[in-house]
Amino acid sequence: MLGFYNELDDRSGQPNGSIRDAVRSVGEPDEAKLVAYLDAGHVLIDVMEAGHDVITGSPHRHSSGCSSLVTDGAWLWRQDFPHYLESHHVSLPQTFLDHVRSLSYQMPTIAVERFAPHHDETMPLVGWYSTVPWRSTATTLVPQPRAVTSKGQFDAAMLAQDWNRPHGSWDKRRKRRRA
């Protein structure tokens, strides 16, 4: 399990501990490939929520649906985990690095019949105690290209956005507009 940090959930004792303990000043030499691999994962559960970077407080490219669950069949991570890897260079387990590198950074196809029991065992570990056992009508999950905004694209869009906010305080009384 990757990216299940205490700061990202209201339950303490998450499998990966505190994110602050995982932050590093530099990432792996192949960090961009690792981020692309994580971005290409199979979405298991799509969660409709918005979040922010728990370290900086800023929105990020995975803010929308941030706690959706993603997998490669062997590992499970939150949808926003690639953000923390590319922005804060969080540490990764060596076994995960070996796994991804052995796959040449290519997301594998998942045999549903082999994966489904692991899904049912894992959901309670991430706080999904009442999930319906996961089943897919497909026999295999084949990686599909997904449009994922890069960090650079997201940052540029945020800078270019015109928020159309008035100057001054929001609670300041304004004159009524004439019709």
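Remember, it's a predicted structure, so these values are computed and weren't measured experimentally.

Thresholds, definitions, all that
Residues numbered from 1 in each chain as written. Predicted model: local features only at pLDDT ≥ 70, side-chain atom pairs only at ≥ 80, totals over all residues. Heavy atoms only, no water. Pairing = 2+ DSSP bridges. Helix = DSSP H or I, 4+ residues; strand = E, 2+ residues; numbered from the N terminus. Axes fitted to C-alpha atoms, helices over the stretch in contact; angles between N-to-C directions. Salt bridge = Lys/Arg side-chain N within 4 Å of Asp/Glu carboxyl O. Buried < 20%, exposed > 50% of the residue type's maximum accessible area, 1.4 Å probe, protein only. Parallel < 35°, antiparallel > 145°, perpendicular 65-115°, else oblique. Contact = heavy atoms within 4.5 Å. Nonpolar A, V, L, I, M, F, W, Y, C, P; charged D, E, K, R; others polar. Arc of directions from axis to C-beta. Phe/Tyr/Trp six-rings, centres within 6.5 Å; stacked < 30°, edge-to-face > 60°.

Draft legend 1. How the structure looks around the sheet that holds strand β3 (residues 76-78). With antiparallel pairing, the three strands of this open sheet are ordered in space as β1-β2-β3. The two strands at the open ends of the sheet, each matched to only one other strand, are β1 (42-45) and β3. Averaged over neighbouring strand pairs, the angle between their axes works out to 40° when direction is ignored. The sheet contact formed by strand β2 (residues 69-71) and β3 spans three bridges and is antiparallel. From the neighbouring strand, L69 faces β3, where its bridge partner is R78.

Draft legend 2. Main features of the pattern of salt bridges. Considering all chains together, one arrives at four salt bridges under this definition. Among the salt bridges present, the one from R24 reaches E28, with a minimum N-O distance of 3.6 Å. Of the charged contacts in the structure, one is a salt bridge between D30 and R101, with a shortest N-O distance of 2.7 Å. Taken together, the residues D30 in the loop between α1 (19-22) and α2 (31-39) and R101 in helix α4 (residues 94-102) connect sequence positions 71 residues apart. D30 sits in the buried class, given a relative accessible area of 12%. A residue is classified by how much of its surface remains accessible, and R101, at 29% relative accessible area, is partly exposed. Salt bridges linked by common partners bring R24, E28, D30 and R101 together as one network.

Draft legend 3. A look at the packing of α2 against α4. Where α2 meets α4, the axes come as close as 11 Å, and the angle between the chain directions of the two elements is 85°. With respect to α4, the element α2 is oriented roughly perpendicular. Listed contacts from α4 to L34, Y37 and L38 of α2 are F96, L97, H99 and V100. Partitioning the contact of α2 with α4 into residue classes produces six nonpolar, one polar and no charged.

Draft legend 4. Main features of α4. Among the residues making up α4, those that are buried are F96, L97, H99 and V100. Viewed end-on, α4 has its buried residues packed into an arc of 160°, placing them on one side of the element. Exposed side chains of α4 directed beyond 90 degrees from the buried face belong to T95 and S102. Those residues of α4 hidden inside the fold are in contact with α2.

Draft legend 5. Spatial organisation of the packing of aromatic side chains. Applying the stated criterion across every chain yields a total of four aromatic pairs. Plain terms: the ring middles of Y37 and W77 are 6.4 Å apart, the flat faces sit at 40° to each other, and that makes the pair tilted. Residue Y37 is located in helix α2, and its partner W77 is located in strand β3; the two are separated by 40 residues in the primary sequence. Overall, the relative accessible area of 1% leaves Y37 in the buried class. Looking at W77, the relative accessible area reads 0%, which means it is buried. Measuring from ring centre to ring centre gives 5.3 Å for W75 and F96, while their planes differ by 80°; the resulting arrangement is edge-to-face. Remark: F96 occurs in helix α4 and W75 occurs in the loop between β2 and β3; sequence separation between them is 21 residues. An identical accessibility class is assigned to W75 and F96; each is buried. Taken together, the ring pairs in this structure connect Y37, W75, W77 and F96 into an aromatic cluster.

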